[in-house]
Amino acid sequence: MTVGTKPNGAADRRHRQDPSESVVRAKVKELEKLRDAGKTKKAGRAPTIEQWLTIWMDTACARKVADGTMAPRTLDDYRSKSRLYLVPGIGKHRVDKLGAEHLDALYLDMLRRDLSAGTVLKTHRIISRALKVAMQRDIVHRNVATLVEPPTVTETEIEPFNQEEARALLNEVSGRRNGARWSIALAEGLRQGEALGLRWKYVDLDTGVMKIWWQLQRLTWEHGCEDPHACGATHHRKGCKASCKRHTELSNGCPKPCPKGCTSHARMCPERTGGGLVFRTPKGRNKRIVTIPPPLIPLLRAHRKAQLRERLAAGELWEEHDLLFCQENGRPIDPRHDWEEFKDILAAAGLRDARVHDSRHTAGTLMIESGVSPRVVMEVLGHSSMRMMVRYTHVGSPLAKDAASRMGDALWG
(Lines give C-alpha, C1' and ligand atoms only; values in the text may rest on other atoms or scores of the structure.)
Protein backbone atom coordinates (compact mmCIF):
# COMPACT_ATOMS: atom_id res chain seq x y z
CA MET A 1 0.00 0.00 0.00
CA THR A 2 1.27 3.51 -0.82
CA VAL A 3 0.98 5.72 2.26
CA GLY A 4 2.84 8.81 1.06
CA THR A 5 6.21 9.83 -0.27
CA LYS A 6 9.73 9.45 1.04
CA PRO A 7 12.03 12.44 1.64
CA ASN A 8 13.56 11.89 -1.83
CA GLY A 9 10.14 12.01 -3.50
CA ALA A 10 9.78 8.28 -4.17
CA ALA A 11 6.57 6.49 -3.23
CA ASP A 12 6.50 5.26 0.34
CA ARG A 13 5.08 1.74 0.05
CA ARG A 14 4.32 -0.47 3.05
CA HIS A 15 3.73 -4.23 3.10
CA ARG A 16 1.77 -6.46 5.44
CA GLN A 17 2.05 -10.24 5.51
CA ASP A 18 0.77 -13.19 7.54
CA PRO A 19 -0.09 -16.87 6.88
CA SER A 20 -3.75 -15.95 7.49
CA GLU A 21 -5.58 -13.86 4.87
CA SER A 22 -7.98 -12.49 7.49
CA VAL A 23 -5.09 -11.24 9.61
CA VAL A 24 -3.50 -9.57 6.59
CA ARG A 25 -6.81 -7.83 5.77
CA ALA A 26 -7.06 -6.59 9.36
CA LYS A 27 -3.49 -5.26 9.22
CA VAL A 28 -4.22 -3.51 5.92
CA LYS A 29 -7.35 -1.87 7.38
CA GLU A 30 -5.35 -0.65 10.37
CA LEU A 31 -2.69 0.77 8.06
CA GLU A 32 -5.38 2.53 6.01
CA LYS A 33 -6.75 4.15 9.16
CA LEU A 34 -3.31 5.40 10.14
CA ARG A 35 -2.68 6.71 6.60
CA ASP A 36 -6.05 8.51 6.41
CA ALA A 37 -5.49 10.03 9.88
CA GLY A 38 -2.00 11.20 8.88
CA LYS A 39 -0.42 9.10 11.61
CA THR A 40 1.66 6.73 9.50
CA LYS A 41 5.22 6.45 10.75
CA LYS A 42 7.79 7.98 8.46
CA ALA A 43 10.00 5.67 6.46
CA GLY A 44 13.16 4.57 8.23
CA ARG A 45 13.99 4.20 11.89
CA ALA A 46 13.08 7.00 14.28
CA PRO A 47 16.05 8.67 16.02
CA THR A 48 16.99 7.90 19.58
CA ILE A 49 16.28 10.42 22.33
CA GLU A 50 19.96 11.35 22.34
CA GLN A 51 19.97 11.90 18.57
CA TRP A 52 16.74 13.87 18.59
CA LEU A 53 17.81 16.11 21.48
CA THR A 54 21.01 16.93 19.58
CA ILE A 55 19.10 17.68 16.36
CA TRP A 56 16.48 19.75 18.19
CA MET A 57 18.99 21.85 20.14
CA ASP A 58 21.41 22.35 17.23
CA THR A 59 18.68 23.43 14.80
CA ALA A 60 15.33 24.59 16.20
CA CYS A 61 16.69 25.94 19.50
CA ALA A 62 19.81 27.46 17.90
CA ARG A 63 17.58 29.26 15.37
CA LYS A 64 15.46 30.70 18.21
CA VAL A 65 18.61 31.96 19.91
CA ALA A 66 19.73 33.55 16.64
CA ASP A 67 16.42 35.39 16.14
CA GLY A 68 16.23 36.47 19.79
CA THR A 69 13.19 34.44 20.85
CA MET A 70 15.27 32.23 23.17
CA ALA A 71 17.94 33.36 25.60
CA PRO A 72 21.39 31.81 25.01
CA ARG A 73 21.53 30.78 28.66
CA THR A 74 18.28 28.87 28.20
CA LEU A 75 19.90 26.79 25.47
CA ASP A 76 22.95 26.32 27.71
CA ASP A 77 20.64 24.93 30.37
CA TYR A 78 19.00 22.61 27.83
CA ARG A 79 22.39 21.23 26.82
CA SER A 80 23.56 20.84 30.41
CA LYS A 81 20.50 18.96 31.67
CA SER A 82 20.36 16.82 28.54
CA ARG A 83 23.99 15.81 29.04
CA LEU A 84 23.65 15.19 32.77
CA TYR A 85 20.24 13.54 33.04
CA LEU A 86 18.30 12.87 29.83
CA VAL A 87 21.00 11.21 27.73
CA PRO A 88 22.33 8.91 30.49
CA GLY A 89 18.80 8.09 31.66
CA ILE A 90 16.73 7.61 28.48
CA GLY A 91 19.10 8.52 25.63
CA LYS A 92 19.16 5.06 24.02
CA HIS A 93 15.37 4.80 23.65
CA ARG A 94 13.93 5.57 20.23
CA VAL A 95 11.61 8.56 20.39
CA ASP A 96 8.69 6.49 19.06
CA LYS A 97 9.32 3.77 21.67
CA LEU A 98 9.65 6.04 24.70
CA GLY A 99 6.93 5.39 27.28
CA ALA A 100 5.59 7.35 30.23
CA GLU A 101 7.00 4.65 32.52
CA HIS A 102 10.52 5.45 31.27
CA LEU A 103 10.11 9.08 32.32
CA ASP A 104 8.65 8.06 35.68
CA ALA A 105 11.68 5.85 36.29
CA LEU A 106 14.07 8.65 35.28
CA TYR A 107 12.46 11.19 37.61
CA LEU A 108 12.36 8.70 40.49
CA ASP A 109 16.06 7.97 40.03
CA MET A 110 16.85 11.71 40.04
CA LEU A 111 14.88 12.28 43.24
CA ARG A 112 16.58 9.30 44.92
CA ARG A 113 19.92 10.92 44.07
CA ASP A 114 18.79 13.90 46.16
CA LEU A 115 18.39 16.17 43.15
CA SER A 116 15.89 18.95 43.82
CA ALA A 117 12.32 18.82 42.58
CA GLY A 118 13.10 22.00 40.64
CA THR A 119 15.86 20.23 38.69
CA VAL A 120 13.52 17.34 37.88
CA LEU A 121 10.79 19.75 36.77
CA LYS A 122 13.18 21.64 34.47
CA THR A 123 14.36 18.33 32.98
CA HIS A 124 10.74 17.31 32.41
CA ARG A 125 10.00 20.57 30.60
CA ILE A 126 12.99 20.12 28.32
CA ILE A 127 12.04 16.61 27.18
CA SER A 128 8.40 17.69 26.86
CA ARG A 129 9.33 20.58 24.55
CA ALA A 130 11.64 18.36 22.52
CA LEU A 131 8.91 15.74 22.05
CA LYS A 132 6.36 18.44 21.18
CA VAL A 133 8.52 19.51 18.25
CA ALA A 134 9.03 15.86 17.27
CA MET A 135 5.25 15.43 17.22
CA GLN A 136 4.79 18.60 15.14
CA ARG A 137 7.21 17.13 12.60
CA ASP A 138 5.47 13.73 12.47
CA ILE A 139 8.40 11.92 14.06
CA VAL A 140 6.14 10.71 16.89
CA HIS A 141 2.35 10.63 17.14
CA ARG A 142 2.05 11.79 20.73
CA ASN A 143 4.05 13.53 23.41
CA VAL A 144 4.39 10.96 26.18
CA ALA A 145 5.71 13.64 28.55
CA THR A 146 2.14 14.99 28.77
CA LEU A 147 1.13 11.67 30.35
CA VAL A 148 3.54 12.16 33.25
CA GLU A 149 2.82 14.42 36.20
CA PRO A 150 6.06 16.18 37.13
CA PRO A 151 6.96 16.92 40.76
CA THR A 152 5.54 20.02 42.39
CA VAL A 153 8.13 22.63 43.31
CA THR A 154 7.59 24.45 46.58
CA GLU A 155 8.08 28.18 46.26
CA THR A 156 11.30 29.14 48.02
CA GLU A 157 10.71 31.80 50.62
CA ILE A 158 12.76 34.89 49.87
CA GLU A 159 14.75 36.65 52.57
CA PRO A 160 14.94 40.34 51.66
CA PHE A 161 16.78 42.89 53.77
CA ASN A 162 14.63 45.11 55.93
CA GLN A 163 14.84 48.88 55.70
CA GLU A 164 17.51 49.15 58.40
CA GLU A 165 19.69 46.49 56.75
CA ALA A 166 19.25 48.08 53.31
CA ARG A 167 20.42 51.43 54.66
CA ALA A 168 23.42 49.78 56.34
CA LEU A 169 24.37 48.30 52.98
CA LEU A 170 24.04 51.71 51.28
CA ASN A 171 26.22 53.32 53.96
CA GLU A 172 28.92 50.72 53.34
CA VAL A 173 29.01 51.23 49.55
CA SER A 174 28.88 55.03 49.70
CA GLY A 175 32.67 55.35 49.76
CA ARG A 176 33.47 52.46 47.41
CA ARG A 177 34.38 52.55 43.77
CA ASN A 178 31.23 51.78 41.72
CA GLY A 179 29.23 52.08 44.93
CA ALA A 180 26.30 53.47 42.94
CA ARG A 181 26.00 50.03 41.32
CA TRP A 182 24.49 48.69 44.56
CA SER A 183 22.45 51.82 45.22
CA ILE A 184 20.75 51.55 41.85
CA ALA A 185 20.18 47.82 42.31
CA LEU A 186 18.34 48.40 45.60
CA ALA A 187 16.37 51.37 44.27
CA GLU A 188 15.23 49.80 40.99
CA GLY A 189 15.40 46.08 41.76
CA LEU A 190 17.74 45.37 38.85
CA ARG A 191 19.00 41.89 38.08
CA GLN A 192 22.77 41.48 38.16
CA GLY A 193 23.07 41.34 34.36
CA GLU A 194 20.85 44.42 33.97
CA ALA A 195 22.95 46.47 36.40
CA LEU A 196 26.25 45.46 34.79
CA GLY A 197 24.84 46.09 31.31
CA LEU A 198 23.59 49.65 31.95
CA ARG A 199 24.87 52.23 29.46
CA TRP A 200 25.06 55.99 29.80
CA LYS A 201 23.21 56.64 26.54
CA TYR A 202 20.10 55.09 28.12
CA VAL A 203 20.30 57.09 31.37
CA ASP A 204 18.92 60.65 31.36
CA LEU A 205 19.88 62.33 34.63
CA ASP A 206 18.09 65.54 33.63
CA THR A 207 14.67 63.93 33.30
CA GLY A 208 15.38 61.15 35.80
CA VAL A 209 14.55 58.33 33.39
CA MET A 210 16.50 55.15 32.76
CA LYS A 211 16.03 52.52 30.04
CA ILE A 212 16.75 48.92 31.00
CA TRP A 213 17.48 47.79 27.44
CA TRP A 214 20.67 45.73 27.78
CA GLN A 215 22.12 43.11 30.08
CA LEU A 216 25.55 41.55 30.48
CA GLN A 217 25.76 37.75 30.59
CA ARG A 218 28.46 35.12 30.58
CA LEU A 219 27.67 32.43 28.02
CA THR A 220 29.11 28.95 27.72
CA TRP A 221 31.73 28.40 25.01
CA GLU A 222 31.04 25.90 22.23
CA HIS A 223 33.55 24.01 20.11
CA GLY A 224 34.19 25.53 16.70
CA CYS A 225 36.20 22.56 15.45
CA GLU A 226 34.84 19.48 13.71
CA ASP A 227 36.21 17.00 16.27
CA PRO A 228 36.25 18.26 19.90
CA HIS A 229 38.45 15.34 20.98
CA ALA A 230 41.14 16.20 18.45
CA CYS A 231 41.42 19.95 19.02
CA GLY A 232 43.72 19.79 22.05
CA ALA A 233 40.93 20.69 24.44
CA THR A 234 40.28 17.33 26.08
CA HIS A 235 40.79 17.23 29.82
CA HIS A 236 41.46 13.87 31.51
CA ARG A 237 40.20 13.30 35.01
CA LYS A 238 42.41 11.94 37.74
CA GLY A 239 42.62 8.18 37.39
CA CYS A 240 42.20 8.13 33.60
CA LYS A 241 43.88 5.06 32.08
CA ALA A 242 44.06 6.52 28.59
CA SER A 243 47.49 7.02 27.00
CA CYS A 244 48.29 10.51 28.36
CA LYS A 245 51.56 11.82 29.73
CA ARG A 246 49.74 13.43 32.67
CA HIS A 247 46.17 12.91 33.83
CA THR A 248 45.46 16.65 33.93
CA GLU A 249 47.18 17.74 30.75
CA LEU A 250 45.59 19.04 27.59
CA SER A 251 46.23 16.31 25.06
CA ASN A 252 45.65 15.89 21.37
CA GLY A 253 42.93 13.35 21.94
CA CYS A 254 42.46 9.95 23.52
CA PRO A 255 43.23 6.82 21.49
CA LYS A 256 40.27 5.17 23.25
CA PRO A 257 37.25 6.24 25.33
CA CYS A 258 38.24 7.30 28.82
CA PRO A 259 36.79 4.99 31.52
CA LYS A 260 36.70 7.90 33.95
CA GLY A 261 34.74 10.13 31.62
CA CYS A 262 37.04 12.57 29.83
CA THR A 263 35.32 15.87 29.24
CA SER A 264 35.88 18.16 26.32
CA HIS A 265 36.46 21.75 27.38
CA ALA A 266 35.12 24.04 24.69
CA ARG A 267 36.63 27.10 26.40
CA MET A 268 40.07 25.70 25.49
CA CYS A 269 39.20 25.07 21.84
CA PRO A 270 41.26 27.34 19.53
CA GLU A 271 38.16 27.87 17.37
CA ARG A 272 35.66 28.25 20.22
CA THR A 273 32.52 30.30 19.55
CA GLY A 274 29.57 31.90 21.28
CA GLY A 275 30.92 32.19 24.81
CA GLY A 276 32.36 34.74 27.21
CA LEU A 277 30.84 38.04 28.31
CA VAL A 278 28.23 39.31 25.88
CA PHE A 279 25.62 42.06 25.79
CA ARG A 280 22.09 41.11 24.83
CA THR A 281 18.65 42.68 25.04
CA PRO A 282 16.24 41.44 27.73
CA LYS A 283 13.18 39.45 26.68
CA GLY A 284 9.57 40.59 26.94
CA ARG A 285 8.65 42.95 29.78
CA ASN A 286 12.21 42.85 31.08
CA LYS A 287 12.97 45.58 28.55
CA ARG A 288 11.50 48.57 30.32
CA ILE A 289 11.77 52.27 31.22
CA VAL A 290 11.95 53.24 34.89
CA THR A 291 12.10 56.47 36.88
CA ILE A 292 15.22 57.18 38.94
CA PRO A 293 14.57 58.10 42.60
CA PRO A 294 15.60 61.79 43.10
CA PRO A 295 18.24 61.07 45.82
CA LEU A 296 20.00 58.69 43.44
CA ILE A 297 20.55 61.30 40.70
CA PRO A 298 23.36 63.24 42.47
CA LEU A 299 25.05 59.92 43.32
CA LEU A 300 25.07 58.98 39.64
CA ARG A 301 26.39 62.41 38.65
CA ALA A 302 29.28 62.03 41.12
CA HIS A 303 29.88 58.49 39.85
CA ARG A 304 30.09 59.77 36.27
CA LYS A 305 32.70 62.38 37.20
CA ALA A 306 34.79 59.76 38.97
CA GLN A 307 34.57 57.50 35.91
CA LEU A 308 35.71 60.31 33.60
CA ARG A 309 38.78 60.80 35.80
CA GLU A 310 39.55 57.09 35.54
CA ARG A 311 39.19 57.28 31.78
CA LEU A 312 41.76 60.08 31.56
CA ALA A 313 44.14 58.17 33.83
CA ALA A 314 43.82 54.98 31.74
CA GLY A 315 44.64 56.76 28.48
CA GLU A 316 45.10 54.34 25.59
CA LEU A 317 44.31 51.37 27.82
CA TRP A 318 40.70 52.49 28.12
CA GLU A 319 38.12 50.37 26.24
CA GLU A 320 34.96 52.34 25.55
CA HIS A 321 31.73 50.41 26.11
CA ASP A 322 29.67 53.35 27.48
CA LEU A 323 29.03 51.36 30.66
CA LEU A 324 27.80 52.90 33.90
CA PHE A 325 29.76 50.37 35.90
CA CYS A 326 33.02 48.99 34.54
CA GLN A 327 36.60 48.12 35.42
CA GLU A 328 39.24 50.84 35.71
CA ASN A 329 40.09 50.30 32.02
CA GLY A 330 36.48 50.54 30.84
CA ARG A 331 36.00 46.82 30.29
CA PRO A 332 32.84 45.05 31.58
CA ILE A 333 32.79 43.71 35.13
CA ASP A 334 32.78 39.94 35.31
CA PRO A 335 29.63 38.75 37.15
CA ARG A 336 31.81 36.50 39.30
CA HIS A 337 33.89 39.45 40.49
CA ASP A 338 30.69 41.41 41.07
CA TRP A 339 29.42 38.55 43.28
CA GLU A 340 32.67 38.50 45.26
CA GLU A 341 32.45 42.24 45.89
CA PHE A 342 28.87 41.87 47.15
CA LYS A 343 30.02 39.24 49.66
CA ASP A 344 32.78 41.59 50.82
CA ILE A 345 30.25 44.42 51.24
CA LEU A 346 27.96 42.25 53.35
CA ALA A 347 30.81 41.24 55.63
CA ALA A 348 32.05 44.81 56.01
CA ALA A 349 28.52 46.07 56.78
CA GLY A 350 27.97 43.32 59.37
CA LEU A 351 25.05 41.86 57.46
CA ARG A 352 24.03 38.22 57.06
CA ASP A 353 25.10 36.31 53.98
CA ALA A 354 22.79 36.77 50.99
CA ARG A 355 22.62 36.38 47.23
CA VAL A 356 23.15 39.25 44.80
CA HIS A 357 19.58 38.62 43.60
CA ASP A 358 18.28 39.32 47.12
CA SER A 359 18.77 43.03 46.52
CA ARG A 360 16.08 42.72 43.84
CA HIS A 361 13.75 41.00 46.30
CA THR A 362 14.53 43.75 48.81
CA ALA A 363 13.47 46.43 46.33
CA GLY A 364 10.18 44.68 45.60
CA THR A 365 9.42 44.13 49.28
CA LEU A 366 10.25 47.69 50.33
CA MET A 367 8.07 49.12 47.56
CA ILE A 368 5.12 46.96 48.61
CA GLU A 369 5.61 47.84 52.28
CA SER A 370 5.77 51.54 51.34
CA GLY A 371 2.31 51.30 49.81
CA VAL A 372 3.32 51.21 46.14
CA SER A 373 0.70 49.52 43.99
CA PRO A 374 1.61 45.90 43.12
CA ARG A 375 0.88 46.71 39.48
CA VAL A 376 3.49 49.50 39.55
CA VAL A 377 5.99 47.24 41.32
CA MET A 378 5.45 44.65 38.58
CA GLU A 379 6.24 47.26 35.91
CA VAL A 380 9.35 48.52 37.71
CA LEU A 381 10.79 45.04 38.25
CA GLY A 382 9.84 43.81 34.78
CA HIS A 383 7.66 40.87 35.88
CA SER A 384 5.28 39.40 33.32
CA SER A 385 2.47 38.50 35.74
CA MET A 386 0.96 39.58 39.04
CA ARG A 387 1.57 36.09 40.40
CA MET A 388 5.17 37.05 41.16
CA MET A 389 3.96 39.82 43.49
CA VAL A 390 3.02 37.19 46.08
CA ARG A 391 6.73 36.74 46.72
CA TYR A 392 7.00 40.31 48.03
CA THR A 393 3.95 40.16 50.31
CA HIS A 394 4.78 38.82 53.76
CA VAL A 395 2.45 38.07 56.64
CA GLY A 396 4.65 40.06 58.98
CA SER A 397 4.89 43.13 56.73
CA PRO A 398 3.66 46.54 58.02
CA LEU A 399 0.77 46.45 55.54
CA ALA A 400 -0.35 43.02 56.77
CA LYS A 401 -0.19 44.20 60.40
CA ASP A 402 -2.16 47.31 59.50
CA ALA A 403 -4.80 45.16 57.78
CA ALA A 404 -5.06 42.93 60.86
CA SER A 405 -5.43 45.97 63.11
CA ARG A 406 -8.20 47.41 60.92
CA MET A 407 -10.07 44.08 60.94
CA GLY A 408 -9.75 43.95 64.72
CA ASP A 409 -11.26 47.42 65.00
CA ALA A 410 -14.05 46.49 62.57
CA LEU A 411 -15.03 43.29 64.40
CA TRP A 412 -14.24 44.02 68.05
CA GLY A 413 -13.63 47.74 68.20
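Small disclaimer: the values here were computed from a predicted structure and weren't measured.

Thoughts on the overall build of the protein
Step number 1: Counting its secondary structure elements, the protein contains 13 helices and 10 strands.
Step number 2: Residues counted as buried form 38% of the 413 residues belonging to the protein.
Step number 3: If you take every contact in the protein between residues at least 6 apart in sequence, the share linking residues at least 24 apart comes to 64%.
Step number 4: In the structure as shown, the protein presents an accessible area of about 24300 Å², 51% of it carried by carbon and sulfur atoms.

Here we look at the packing of aromatic side chains
Describing an aromatic ring pair means giving the distance of the ring centres and the angle of the ring planes.
Step number 1: The full count for this structure, using the stated rule, is 3 aromatic pairs.
Step number 2: Ring geometry for Trp56 versus Tyr78: centroids 5.3 Å apart, planes at 20 degrees, classification stacked. On the criterion of sequence distance, the pair formed by Trp56 in helix 2 (residues 49-66) and Tyr78 in helix 3 (residues 72-90) is long-range, its members being 22 residues apart. The two residues Trp56 and Tyr78 agree in class, both being buried.
Step number 3: Consider the rings of Tyr202 and Trp213, whose centres lie 5.5 Å apart with planes at 55 degrees: the pair is tilted. Taken together, the positions of Tyr202 in the loop between helix 8 (192-196) and strand 3 (203-204) and Trp213 in the loop between strand 4 (209-212) and strand 5 (215-219) put the pair 11 residues apart, joining distant regions of the chain.
Step number 4: Of the residues examined, Tyr202 reaches a relative accessible area of 17% and is grouped as buried.
Step number 5: Trp213 sits in the partly exposed class, given a relative accessible area of 25%.
Step number 6: For the cation-ring pair, Arg181 lies above Trp182, with the distance from its terminal atom to the ring centre recorded as 3.8 Å.

Looking at helix 11 (residues 358-369)
Step number 1: The first and last C-alpha atoms of helix 11 sit 16 Å apart over 12 residues, in line with the 16 Å expected at 1.5 Å per residue.
Step number 2: Helix 11 sits mainly inside the fold: 10 of its 12 residues count as buried.
Step number 3: Turning to helix 11, its buried residues are Asp358, Ser359, Arg360, His361, Thr362, Ala363, Gly364, Thr365, Met367 and Ile368.
Step number 4: One or two steps after helix 11, the chain reaches Gly371, where phi turns positive at roughly 90 degrees.

Details of the layout of surface pockets
Step number 1: What the largest pocket holds in volume is close to 2000 Å³.
Step number 2: Lining the largest pocket are 47 residues; nearest its centre among them are Arg73, Thr74, Lys122, Arg191 and His357.
Step number 3: If you tally residues by element for the lining of the largest pocket, the top one is helix 5 (residues 117-136), at 6 residues.
Step number 4: Taken together, the residues of the lining of the largest pocket break down into 12 nonpolar, 17 polar and 18 charged.

Focus: the pattern of salt bridges
Step number 1: One pass over the structure, following the stated rule, counts 21 salt bridges.
Step number 2: The closest approach of N and O atoms between Arg94 and Asp96, which form a salt bridge, is 2.9 Å.
Step number 3: The closest approach of N and O atoms between Glu194 and Arg191, which form a salt bridge, is 2.7 Å.
Step number 4: Among the residues examined, Glu194 registers a relative accessible area of 0% and is labelled buried.

Here we look at the side chain of Asn143
Step number 1: Looking at the secondary structure, you find Asn143 in the loop between helix 5 and helix 6 (163-173).
Step number 2: The exposure class assigned to Asn143 is buried, which follows from its relative accessible area of 8%.
Step number 3: Of note is the side chain of Asn143, whose polar atom sits 3.0 Å from the backbone oxygen of Ser128.
Step number 4: A distance of 3.0 Å separates a polar side-chain atom of Asn143 from the backbone nitrogen of Ala145.
Step number 5: Excluding anything up to four places from it in sequence, Asn143 contacts Ser128, Leu131, Lys132 and Met135.

A short note on unusual backbone geometry
Step number 1: For Asp138, which is not glycine, the phi dihedral falls at a positive 60 degrees.
Step number 2: Following the sequence through the fold, Asp138 ends up in the loop between helix 5 and helix 6.
Step number 3: One non-glycine residue with positive phi stands out, namely Asn178, at about 60 degrees.
Step number 4: Within the element layout of this structure, Asn178 appears in the loop between helix 6 and helix 7 (180-188).

Considerations on the nonpolar core
Step number 1: By size, the foremost hydrophobic cluster in this structure holds 32 residues, and its most contacted members are Trp56, Leu103 and Ile127.
Step number 2: Among the secondary structure elements, those contributing two or more residues to this core are helix 2, helix 3, helix 4 (100-112) and helix 5.
Step number 3: Excluding residues that lie within four positions of it along the chain, Leu103 makes contacts with Ile90, Leu98, Ile127, Val144, Ala145 and Val148.
Step number 4: Counting 31 residues, the second largest nonpolar core, distinct from the first, contains Ala195, Leu300, Ile368 and Met389.

Here we look at the confidence of the model for the protein
Step number 1: For the protein, per-residue confidence averages 84 on the pLDDT scale, and residues scoring 70 or more make up 84% of the total.
Step number 2: A low-confidence stretch, residues 233-263 stays under pLDDT 50, and its non-local contacts, those more than four residues away or across chains, total 55 contacts.

Examining the sheet that holds strand 4
Sheet strands pair by backbone hydrogen bonding; their relative direction is either parallel or antiparallel.
Step number 1: Pairing is antiparallel across the open sheet formed by 3 strands, whose spatial order is 3-4-10. Each edge of the open sheet is held by one strand with a lone partner, namely strand 3 and strand 10 (288-291).
Step number 2: For strand 3 and strand 4, the ladder comprises 2 bridges, and the chain directions are antiparallel. Considered in strand 4, the bridge of Asp204 is made with Val209.

Some points on the packing of helix 2 against helix 3
Step number 1: Between helix 2 and helix 3, whose axes approach to 11 Å, the crossing angle comes to 175 degrees. Taken together, the axes of helix 2 and helix 3 lie roughly antiparallel to each other. Two secondary-structure elements touch here, helix 2 through Ile49, Glu50, Leu53, Trp56, Met57, Asp58, Cys61, Ala62 and Val65 and helix 3 through Pro72, Leu75, Tyr78, Arg79, Ser82, Leu86, Val87 and Ile90.
Step number 2: A class-by-class count of the residues in the contact of helix 2 with helix 3 yields 13 nonpolar, 1 polar and 3 charged.

The rules behind each value
- Residues numbered from 1 in each chain as written.
- Predicted model: local features only at pLDDT ≥ 70, side-chain atom pairs only at ≥ 80, totals over all residues.
- Heavy atoms only, no water.
- Helix = DSSP H or I, 4+ residues; strand = E, 2+ residues; numbered from the N terminus.
- Buried < 20%, exposed > 50% of the residue type's maximum accessible area, 1.4 Å probe, protein only.
- Contact = heavy atoms within 4.5 Å.
- Areas by Shrake-Rupley, 256 points an atom, 1.4 Å probe, with all protein chains shown as cover.
- Phe/Tyr/Trp six-rings, centres within 6.5 Å; stacked < 30°, edge-to-face > 60°.
- Lys NZ or Arg CZ within 6 Å of the ring centre and 35° of its normal.
- Expected span 1.5 Å × (residues − 1).
- 1 Å grid on protein atoms, 1.4 Å probe; cavity = no way out; pocket = protein on both sides within 12 Å on 5 of 7 lines; lining within 4 Å.
- Points joined across faces, edges and corners; volume = space filled by probe spheres on them.
- Nonpolar A, V, L, I, M, F, W, Y, C, P; charged D, E, K, R; others polar.
- Salt bridge = Lys/Arg side-chain N within 4 Å of Asp/Glu carboxyl O.
- Polar contact = N/O pair within 3.5 Å; in protein donor to acceptor, adjacent residues only side chain to side chain.
- Core = buried A, V, L, I, M, F, W, Y, C linked by side-chain atoms within 4.5 Å.
- pLDDT = per-residue confidence, 0-100.
- Pairing = 2+ DSSP bridges.
- Axes fitted to C-alpha atoms, helices over the stretch in contact; angles between N-to-C directions.
- Parallel < 35°, antiparallel > 145°, perpendicular 65-115°, else oblique.

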